[in-house]
Amino acid sequence: MTASLENQAAEFQSQIMTSDASVVCVAVPVRVDAGLQYLCDRSPPPPVGGRVVVTVGRKQHIGVVLEHVPEGAVTAAKLKPVLEILDETPVIDAPLLAMLSWCATYYHHPIGDVVVAALPALLRRGRPAQPDLEYAWTLTAAGRAIDLTALARRASRQARIIEALTDEPHVAETALRARGHTRAELVKLAERGWLERHELAPGPPVPPRHGGSNEPTLSPDQAEALAALDAAGPGFGASLLHGVTGSGKTEVYMRLIGERLRRGRQALLLVPEISLTPQLVARLRERFGRQLAVMHSALTDAERLRAWQACRSGDAGLIVGTRSAVFAPLPHPGLIVVDEEHDASFKQGDGFRYSARDLAVYRAQQLDIPIVLGSATPSLESYYNASRRRYRLLQLPRRIGSAGTPRVRVIDLGRHAAHDGLSTPMVEAITGHLAAGQQIMLFLNRRGFAPALFCMECCRAEECNRCDARMTVHATRGKLRCHHCGAGHALAWGCPHCGAERIAVGAGTQRVGEALRALFPAARIGRLDRDATSRRGSLEAVLADVAAGSIDVLVGTQMLAKGHDFPNVTLVGVLNADQGLFGTDFRSNERLAQTIVQVSGRAGRADRPGEVLIQSHYPGHPLFGYLKEQDYSAFAAEALAEREAARWPPFSHLVVIRAEATERQPVFAFLDRIADAARAQRSEAAVHGPAPAAMERRGGRHRAQVLLQSPRRGPLHSLVDALKPDIRSWPESRRVRWSIDVDPLEL
Ligand code: ADP
Ligand code: ZN
């Protein structure tokens with residue numbers, strides 16, 4: 001601050017001290033890191049955590065008050081006023097607000113955007129935070145004295161309202177509106193002194209908390225895990241529940257949740273994707289009934305607001321939600337559970353790039369409540385934390401029931417060529433399981449008909465002209481489509497260069513589906529991928545068909561790996577395991593192992609033994625050894641040793657600064673400057689790059705990145721803090737789109 005500004009600020013402060021005015025710091029959803037100060041002359045001032053209307057430039061925004069600025073900390077002489085106070089009580093309580101402020105610092109993201117992530121859309125747009133009150137209307141004495149016949153001649157609509165109220169002492173406003181009357185009409189009659197409005201009691205009372213019913217007897221493994229969790233007490237403690245698929249993890253969560261509910265506390269259960277696991281929500285609802293609130297992206301804005309209100313009022317005892325539910329209000333916190341904690345969907349991929357799994361741990365610590373991270377395939381980070389005893393490791397190594405673990409075999413594609421994605425041993429196995437009346441799941445992480453349209457004469461595959469990627473053949477629609485930018489056009493078989501007839505190379509889920517229909521005309525074939533489930537409700541329909549047994553073979557992508565529980569599935573085929581074996585990312589192996597173990601887990605539940613067949617060109621790859629032994633822990637230990645040798649997370653920490661633009665030059669000019677500036681800081685953190693992204697051009701934009709890496713987090717964050725203000729002032733930064741990703745999942 002310059003001296004004259006300081007003088008002005010001091011003068012200004014003496015002014016506000018003598019008036020009722022106060023200064024508030026507000027998180028406004030604009031691209032500034034810190035909150036902005038505003039003057040508020042109303043008393044009482046808006047509460048910390050409450051919403052206010054303010055302007056930035058000429059534009060009005062709804063922001064959230066971060067703090068009442070103490071005397072001496074006012075930074076400008078002239079402050080704009082708070083235009084409107086929207087809340088008398090906070091919509092974000094103090095602990096959550098503290099966590100959001102921490103997030104803004106840790107993820108180097110503007111506080112206004114971070115705070116917005118914690119609020120349902122309708123609250124961001126200014127809707128009242130309290131649930132709508134129900135109103136009823138009655139006639140006043142003056143209203144009852146009206147000459148109805150006379151009124152009917154002048155104003156028949158008004159007369160009808162009076163008439164309706166003459167018959168009944170109270171009529172709910174919703175009932176009057178249903179008869180075509182408007183709120184404005186009612187208010188007008190009230191102004192004349194004829195009507196009176198009063199509040200109706202709120203909706204049906206919420207039933208008292210209960211811990212659930214119909215609990216099965218615990219297996220010895222479950223009982224042991226629960227005893228350990230019980231012994232740990234109600235305060236903060238993080239546990240990793242590593243249980244093979246079907247070992248009863250969900251039952252353990254439900255027991256813990258039930259116990260917290262009985263004590264009047266709330267439990268938050270984070271799940272990767274609710275639409276893929278309708279069975280889970282159904283199970284929870286059956287056990288906990290109306291205490292359950294669900295929060296996910298497919299809700300309407302109004303449904304979201306209602307779920308949020310139920311959390312905030314404490315009516316919701318159990319909140320089940322996806323990523324952003326980690327910010328749900330929890331006035332009576334008791335427990336957090338993160339199911340499938342390894343799942344990549346817990347990390348937000350753009351904008352405010354937070355990890356809901358990591359924040360859940362932070363929040364549990366802050367609220368001093370236990371957290372359980374559960375998975376059949378824990379992330380290496382969590383596994384490492386457990387091995388270092390930062391997390392308590394609880395194991396459920398056996399399945400419930402007598403099915404036992406499935407038998408895993410690897411088919412050598414070098415010896416058994418695959419036609420349309422299916423090798424002969426795979427076809428034989430399918431034949432056998434179909435004959436036994438059992439269901440089959442085939443996993444192939446590639447949708448569409450074929451991943452390439454190839455000309456044998458020119459040895460060229462058709463590429464997307466906006467991406468460094470091949471176009472995928474979608475033969476059912478006679479189209480070529482790019483899976484990276486969505487571009488598409490009609491498929492022409494003739495090569496544009498030499499005119500030769502081109503061929504569709506490789507197999508996607510559509511092609512495998514067609515091949516199966518030809519091979520097994522009597523079998524019912526289903527498909528589970530983004531193309532087959534794009535219509536609302538179609539996903540649920542496919543899952544219901546499998547559950548009902550009206551699909552014999554289900555071919556699908558990653559979607560198959562989620563926690564479906566289909567007891568009649570006895571064969572799982574992994575049609576192409578090789579995509580992930582030699583991936584460029586340091587997490588490729590981890591992802592592949594997780595996916596294969598998860599899809600394998602669909603085989604043989606209840607009391608039917610399962611079989612898993614994996615097709616690969618590299619049957620000797622060590623990864624398959626662990627998979628055959630069903631030993632994820634041994635895999636994790638080995639993979640961690642490799643990470644340690646290569647100094648990858650969790651043995652170091654990463655921040656990626658990414659940039660993209662339609663031209664290549666500005667991207668590298670910008671990142672070169674960042675890398676130079678970073679190196680000039682002589683930080684303990686290493687600076688790598690700039691390097692092109694794994695797919696350099698995507699959607700017509702060139703993409704590259706600088707990687708910052710350090711064994712300790714501190715120097716990494718100091719480095720970013722030192723760079724950030726400078727970066728904003730560079731002209732280079734205005735020619736690119738750039739972002740900071742802390743703890744990136746992909747490089
Ligand atoms: P996970 O979450 O580890 O995949 P679940 O909790 O879904 O496992 O359990 C798998 C199946 O076993 C479910 O059908 C569940 O109802 C059943 N189950 C779980 N625990 C028990 C138990 N103690 N006794 C009987 N059945 C159980
Ligand atoms: Zn493309």
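No experiment lies behind these values; they were computed from the predicted model shown.

In terms of regular secondary structure, the protein chain is built from 23 helices and 31 strands. On C-alpha atoms alone, the protein chain measures out to a radius of gyration of 30 Å, which is about the 27 Å that the 2.2 N^0.38 rule sets for 747 residues. Expressed as lengths along the three principal axes of its C-alpha atoms, the size of the protein chain is roughly 95 × 70 × 65 Å. Residues classed as buried in the protein chain amount to 52% of the 747 residues present.

Here the amide bond leading from S43 into P44 is cis, since omega sits at 0°, within 30 degrees of zero. Note that P44 resides in the loop between β2 (36-40) and β3 (51-56). Look at the link from G689 to P690: it is a cis peptide, with omega at 10°. Within the element layout of this structure, P690 appears in strand β29 (residues 686-698). Located in the positive-phi region is C459, a residue other than glycine, with phi close to 55°. Its location among the elements puts C459 in the loop between β18 (452-455) and β19 (460-461).

Our next topic: the packing of aromatic side chains. Enumeration according to the criterion identifies 13 aromatic pairs in this entry. Taking 6.0 Å as the distance between ring centres and 75° as the angle between the ring planes, the aromatic pair formed by Y107 and F352 counts as edge-to-face. Taken as a pair, Y107 in the loop between α2 (94-106) and α3 (111-117) and F352 in the loop between β13 (333-339) and α14 (356-367) lie far apart in primary sequence, 245 residues in all. Each member of the pair, Y107 as well as F352, carries the same accessibility label: buried. Considering the side-chain rings of F670 and W730, the 6.4 Å spacing of their centres and the 70° angle between planes classify their relative orientation as edge-to-face.

A few words on the environment of M559. Among the structural elements, M559 can be located in the loop between β25 (553-556) and β26 (569-574). Look at M559 and you get buried, because its relative accessible area is 15%. Along the chain, M559 and Y632 lie 73 residues apart, while their C-alpha atoms are 21 Å from each other.

Looking now at the sheet that holds strand β15 (residues 392-396). Sheet strands line up and pair through hydrogen bonds in the backbone, either parallel or antiparallel. Spatially, β11-β12-β10-β13-β14-β9-β15 is the arrangement adopted by the seven strands of the open sheet, whose pairing is parallel. Both outer strands of the open sheet, β11 (292-295) and β15, are each paired with one neighbouring strand and no more. With strand direction ignored, the average angle separating the axes of adjacent strands in the sheet is 20°. Bridge count for β13 against strand β14 (residues 370-375) is four bridges, and the pairing is parallel. Looking at the pairing, V337 lines up with V372 of β14. Across the face of the sheet, helix α10 (residues 220-232) comes into contact with β9 (237-243), β14 and β15 while running at roughly 160° to β15.

Looking at the metal site, the zinc ion (ligand 2) is ligated by C464 (SG), C467 (SG), C482 (SG) and C485 (SG), spaced 2.3 Å from it. If you look at the zinc ion (ligand 2), its four donor atoms make angles of 106 to 113° with each other, and the shape they trace is tetrahedral. Motif for the zinc ion (ligand 2), donor spacing along one chain: C-x2-C-x14-C-x2-C. Here C482 lies in the loop between β21 (479-481) and β22 (488-490) and C464 lies in the loop between β19 and β20 (472-474), a separation of 18 residues in the sequence. On the basis of relative accessibility, which here comes to 4%, the residue C464 falls in the buried class.

The end-to-end C-alpha distance of helix α22 (residues 664-680), which contains 17 residues, comes to 24 Å, matching closely the 24 Å that a straight helix rising 1.5 Å per residue would cover. Along α22, the positions that sit buried rather than exposed are P666, V667, F668, F670, L671, I674, A675 and A678. On its buried side, α22 packs onto β28 (653-661), β29, β30 (701-710), α23 (713-729) and β31 (737-742). Positive phi shows up at R682, right after α22, with a value of about 50°.

With that settled, the discussion passes to the side chain of K347. For K347, the position within the fold is in the loop between β13 and α14. Sequence-distant contacts of K347, defined by excluding residues within four places in its chain, comprise R323, R353, Y354, S355, D741, V742, D743, P744 and L745.

With that settled, the discussion passes to the side chain of Q266. Along the chain, Q266 falls in strand β10 (residues 266-270). Overall, Q266 belongs to the buried group, its relative accessible area being 0%. Of the polar contacts made by the side chain of Q266, one reaches the backbone oxygen of C311; its length is 3.0 Å.

Formed by 126 residues in total, the largest nonpolar core has its most connected members in I92, L270, F327, I371, I614, L671 and L708. Residues within four places of I614 in sequence aside, it is in contact with V408, R409, V410, I411, V574, A577, I596, F624 and L627. Membership of the second largest hydrophobic core comes to 27 residues, among which are L229, L269, V271 and V320.

We now examine the site of ligand 1. Taken together, the neighbourhood of ligand 1 is formed by 17 residues, with T217, Q222, K249, T250 and R283 sitting nearest. A distance of 2.9 Å separates an oxygen atom of ligand 1 from a polar backbone atom of G246. Within the backbone of K249, one N or O atom sits 2.9 Å away from an oxygen atom of ligand 1. The fraction of the free accessible surface of ligand 1 (550 Å²) that becomes covered by protein chains is 73%. Broken down by element, the shell around ligand 1 gets its largest block of residues, three residues, from helix α11 (residues 249-262). The residue inventory of the shell around ligand 1, partitioned by class, reads four nonpolar, eight polar and five charged.

Rules of the game
Residues numbered from 1 in each chain as written. Chains lettered and ligands numbered in written order. Predicted model: local features only at pLDDT ≥ 70, side-chain atom pairs only at ≥ 80, totals over all residues. Heavy atoms only, no water. Helix = DSSP H or I, 4+ residues; strand = E, 2+ residues; numbered from the N terminus. Rg over C-alpha atoms; globule rule 2.2 N^0.38 Å. Buried < 20%, exposed > 50% of the residue type's maximum accessible area, 1.4 Å probe, protein only. Phe/Tyr/Trp six-rings, centres within 6.5 Å; stacked < 30°, edge-to-face > 60°. Pairing = 2+ DSSP bridges. Axes fitted to C-alpha atoms, helices over the stretch in contact; angles between N-to-C directions. Contact = heavy atoms within 4.5 Å. Donors = N, O, S within 2.8 Å, 3.2 Å for Na, K, Ca; no water. Tetrahedral: all angles 85-135°; square planar, octahedral: opposite > 155°, others 65-115°. Expected span 1.5 Å × (residues − 1). Polar contact = N/O pair within 3.5 Å; in protein donor to acceptor, adjacent residues only side chain to side chain. Core = buried A, V, L, I, M, F, W, Y, C linked by side-chain atoms within 4.5 Å. Near = heavy atom within 4 Å. Areas by Shrake-Rupley, 256 points an atom, 1.4 Å probe, with all protein chains shown as cover. Nonpolar A, V, L, I, M, F, W, Y, C, P; charged D, E, K, R; others polar.

Nothing here speaks to function; it is all geometry.
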